[in-house]
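One-letter residues, chain by chain:
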Amino acid sequence: MPELPEVETVVAGLRREAVGRRVVDVEILLDAHFLPSAAELADGLRGRRLTTARRWGKIWFVDTDDEQTLVGHLRMTGQLRVQPADEPRLPHTHLVATLDDGRELRWRDVRRFGWMHLLPSAEVAGLPELARLGPDALAIDEAAFVAAVRASGRGLKALLLGQEIVAGLGNIYVDEALHRARLHPTLTAGRLSRERARRLHGVMREVLSAAVAAHGSSIDGQYVAVDGELGSYQHAHRVYGRAGQPCLACGTPIVRIVAAGRGTHYCPSCQRRR
Ligand SMILES: [Zn+2]
């Protein structure tokens, strides 16, 4: 599932390839989670110039020149691509917006959990999907992070996946950050010393920044950038997807458990539950 680094890569691609362009036509090929409705979204976008693209956690935003905002979430398999019009449209393409340079911004979502809303920019802050969202994981300052973590009675994995104290992390980057911080995934967050919580904040930023620089992690070809390129951070994973393989720090086989309802990878030597 795309997480902060993958969404950041998509947004950077939108800035490069789509922002500044006018949408000359919109076709809905398959209805999906479009709000207010597929037809209204298509009508609202037609003729508009795309002015900015940005991100908060895993949610992306594209503003238009008439003070509307297209807001979306890629969820499991959502892909935004900018492609030449003569490039074949892949199955599961839901929406095609033709840009004024003749290329097409295409929304494709095999598993259909993704969503897209078009609404007045002034109403974006009231979206229920944003109501419980904490500060972005690359923006939260150390003091706020340390205080929020140490006030929580939840396990670290559940807390960091939850999006409420910090937005943008998912299964891959939580596992990778906890390994580098030498913290057990089910350790109660409130038991962390100030020093260890500070270390987790620093490591989280390092992992996410390195993953952004590598254009994210592409596993099973599900996540691609706007230009179709794959990310390369999967080659830097230390625990995620490496169950049974030796820990790169100590050689102990990596273990996979279920924590917070998700497959969770950790090193039982480096990440003790204490
Ligand atoms: Zn280890």
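Up top is the structure these notes are about.
Residues numbered from 1 in each chain as written. Predicted model: local features only at pLDDT ≥ 70, side-chain atom pairs only at ≥ 80, totals over all residues. Heavy atoms only, no water.

J.: How should I be thinking about the pairing of strand 8 (residues 104–109) in this particular structure?
T.: On any regular strand, side chains alternate: one points to one face of the sheet, the next to the other face. Burial analysis of strand 8 places six of its six residues in the buried class, which makes it a mostly covered element. A two-sided burial pattern is seen for strand 8, the buried positions comprising Glu 104, Arg 106 and Arg 108 on one face and Leu 105, Trp 107 and Asp 109 on the other. As judged from the five bridges shared by strand 7 (residues 93–99) and strand 8, these two strands associate in the antiparallel manner. Looking at the pairing, Thr 98 lines up with Glu 104 of strand 8. If you look at the hairpin formed by strand 7 and strand 8, you'll find four residues sitting between the two strands, and Gly 102 has a positive phi there, around 90°. (Buried < 20%, exposed > 50% of the residue type's maximum accessible area, 1.4 Å probe, protein only. Helix = DSSP H or I, 4+ residues; strand = E, 2+ residues; numbered from the N terminus. Pairing = 2+ DSSP bridges.)

J.: Can you help me understand the environment of Glu 206 in this one?
T.: Relative to the elements of secondary structure, Glu 206 occurs in helix 7 (residues 194–213). A residue is classified by how much of its surface remains accessible, and Glu 206, at 56% relative accessible area, is exposed.

J.: Looking at this structure, I do not really get the packing of helix 4 (residues 142–150) against helix 7. What am I missing?
T.: Packed helices, taken two at a time, are described by the angle their axes make and the gap between the axes. Contact geometry of helix 4 with helix 7 gives a least axis separation of 9 Å together with a crossing angle of 120°. By the angle class used here, helix 4 and helix 7 are oblique. Note on packing geometry: the crossing formed by helix 4 with helix 7 is right-handed. On helix 7, the residues touching Glu 142, Phe 145, Val 146 and Arg 150 of helix 4 are Arg 194, Ala 197, Arg 198, Leu 200, His 201 and Met 204. (Axes fitted to C-alpha atoms, helices over the stretch in contact; angles between N-to-C directions. Parallel < 35°, antiparallel > 145°, perpendicular 65-115°, else oblique. Left-handed = near helix turned anticlockwise from the far one by under 90°. Contact = heavy atoms within 4.5 Å.)

J.: Can you help me understand the coordination of the zinc ion in this one?
T.: Four donors placed tetrahedrally about a metal ideally form angles of 109.5 degrees, and six donors placed octahedrally ideally form angles of 90 or 180 degrees. Coordination sphere of the zinc ion, protein contribution only: Cys 247 (SG), Cys 250 (SG), Cys 267 (SG) and Cys 270 (SG), at 2.2 to 2.4 Å. Judged by its relative accessible area of 7%, Cys 270 falls in the buried class. (Donors = N, O, S within 2.8 Å, 3.2 Å for Na, K, Ca; no water.)

J.: Explain a nonpolar patch on the surface to me, please; I cannot follow it from the model alone.
T.: A grouping of Met 1, Met 76 and Phe 113 is seen on the molecular surface, where their side chains present a nonpolar patch of about 260 Å² in accessible area. Secondary-structure assignment places Met 76 in the loop between strand 5 (68–73) and strand 6 (78–83). A relative accessible area of 30% places Met 76 in the partly exposed class. (Patch = residues over 30% accessible without salt bridge, like charges linked within 9 Å, V, L, I, M, F, W, Y side chains within 5 Å. Areas by Shrake-Rupley, 256 points an atom, 1.4 Å probe, with all protein chains shown as cover. Salt bridge = Lys/Arg side-chain N within 4 Å of Asp/Glu carboxyl O.)

J.: Would you take a moment to explain a positive patch on the surface for this structure?
T.: Where like charges cluster on the molecular surface, the positive patch consists of Arg 182, Arg 199, Arg 272 and Arg 274. Mapped onto the elements, Arg 274 comes out in the segment after strand 11 (262–266). (Lys, Arg positive; Asp, Glu negative; His and termini not counted. Charge placed at Lys NZ, Arg CZ, Asp CG, Glu CD.)

J.: Which parts of the structure should I look at to understand empty space enclosed by the protein?
T.: Once rolled over the atoms, a probe with the size of a water molecule shows which space is left empty. Evaluated as defined, the whole model comprises two cavities of 30 Å³ or more. Within this model, the largest cavity holds a volume of roughly 100 Å³. In this structure, the largest cavity is lined by 15 residues; those nearest its centre are Leu 14, Trp 60, Leu 70, Leu 80 and Leu 105. Top element by residues in the lining of the largest cavity is strand 8. It accounts for three residues. Among the residues making up the lining of the largest cavity, the classes are represented as 14 nonpolar, no polar and one charged. Here the second largest cavity defines a volume of roughly 60 Å³. Lining the second largest cavity we find Gln 79, Arg 81, Gln 83, Pro 88, Leu 90, Thr 93, Arg 106 and Arg 108. No other element matches the three residues that strand 6 contributes to the lining of the second largest cavity. Across the lining of the second largest cavity, the residue classes break down as two nonpolar, three polar and three charged. (1 Å grid on protein atoms, 1.4 Å probe; cavity = no way out; pocket = protein on both sides within 12 Å on 5 of 7 lines; lining within 4 Å. Points joined across faces, edges and corners; volume = space filled by probe spheres on them. Nonpolar A, V, L, I, M, F, W, Y, C, P; charged D, E, K, R; others polar.)

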